[in-house]
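# Summary of structural features
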Amino acid sequence: MDREQEEMQFLGIFGIYREACKIIITWRRIFSKITLALILPLSFIFLAHVEATDLLHSKVVHDKMERHLTPAGSARFNKLTDVISEDRTLYWLFKVAYLTFYLVLSLLPTSAVV
C-alpha cells in the first residue's frame, strides 16, 4: 500500500477496487499460491458437498415415498421408518461435518491474505 492513511480515507468505491487490484498485481505470485493451495480445494469440497447432499436427500425422499405407499404397521413400513431415520441422521451428520470443515478451511485463506 503506497498511500498514507489520510489518502486512503477518502477513496471511493472505485478507488478501493483500484488499490485492491494494484496490491494483487504487485503480489501476484503469493496470491496465486494462496489460490491454488487453499481456495481451489475449497471449491472442490463445495462441489462434492452439493452432489453428496443431493444424493442423500433424494434417498430420503425416495424412502419416504415408498413408506407412504406401504401399509402402516407392516414389517416393511417399520423397516422403511428405521431406514429413513438412519438416512436423516447421516444427512445431518454430513451437513454438520461439512459446515465445520468448510468454516475452518474458509478462514485459512482469509487469514493468509490478511
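All of the points below concern the structure found in this document. (Residues numbered from 1 in each chain as written. Predicted model: local features only at pLDDT ≥ 70, side-chain atom pairs only at ≥ 80, totals over all residues. Heavy atoms only, no water.)

What follows is about the overall build of the protein. Helices and strands together make up the secondary structure of the protein, namely four helices and zero strands. Computed over its C-alpha atoms, the radius of gyration of the protein comes to 24 Å, more than 25% above the 13 Å expected for a compact globule of 114 residues. Judged by the C-alpha coordinates and their principal axes, the protein covers about 75 × 30 × 15 Å. Counting over 114 residues, the protein shows a buried share of 17%. Taking the intrachain contacts of the protein between residues at least 6 apart in sequence as the baseline, contacts between residues at least 24 apart amount to 56%. Total accessible area on the protein is roughly 9,100 Å²; 68% of this is exposed by carbon and sulfur atoms. (Helix = DSSP H or I, 4+ residues; strand = E, 2+ residues; numbered from the N terminus. Rg over C-alpha atoms; globule rule 2.2 N^0.38 Å. Buried < 20%, exposed > 50% of the residue type's maximum accessible area, 1.4 Å probe, protein only. Contact = heavy atoms within 4.5 Å. Areas by Shrake-Rupley, 256 points an atom, 1.4 Å probe, with all protein chains shown as cover.)

Mapped onto the elements of the fold, Asp87 is located in helix α4 (residues 75–113). When near neighbours in sequence (up to four residues on either side) are disregarded, Asp87 contacts Lys59, Val60 and Asp63.

Right, let's talk about the pattern of salt bridges for a bit. For the structure shown, the criterion picks out three salt bridges. With a shortest N-O distance of 3.7 Å, Lys59 and Asp87 are connected by a salt bridge. Placement of Lys59 in helix α3 (residues 28–69) and of Asp87 in helix α4 is noted, with a sequence separation of 28 residues between them. Overall, Lys59 belongs to the partly exposed group, its relative accessible area being 44%. With a shortest N-O distance of 2.4 Å, Arg76 and Glu66 are connected by a salt bridge. (Salt bridge = Lys/Arg side-chain N within 4 Å of Asp/Glu carboxyl O.)

So, about the packing of aromatic side chains. This model, assessed by the stated rule, comprises two aromatic pairs. With 5.2 Å between their ring centres and 85° between their planes, Tyr91 and Trp92 make a pair best called edge-to-face. When its relative accessible area of 15% is taken as the criterion, Tyr91 is described as buried. (Phe/Tyr/Trp six-rings, centres within 6.5 Å; stacked < 30°, edge-to-face > 60°.)

Another point: a nonpolar patch on the surface. Taken together, the side chains of Leu36, Leu40, Phe44, Phe46, Leu47 and Val50 define a hydrophobic patch exposed on the protein surface, amounting to about 580 Å² of accessible area. Here Leu36 shows up in helix α3. Leu36 sits in the exposed class, given a relative accessible area of 58%. (Patch = residues over 30% accessible without salt bridge, like charges linked within 9 Å, V, L, I, M, F, W, Y side chains within 5 Å.)

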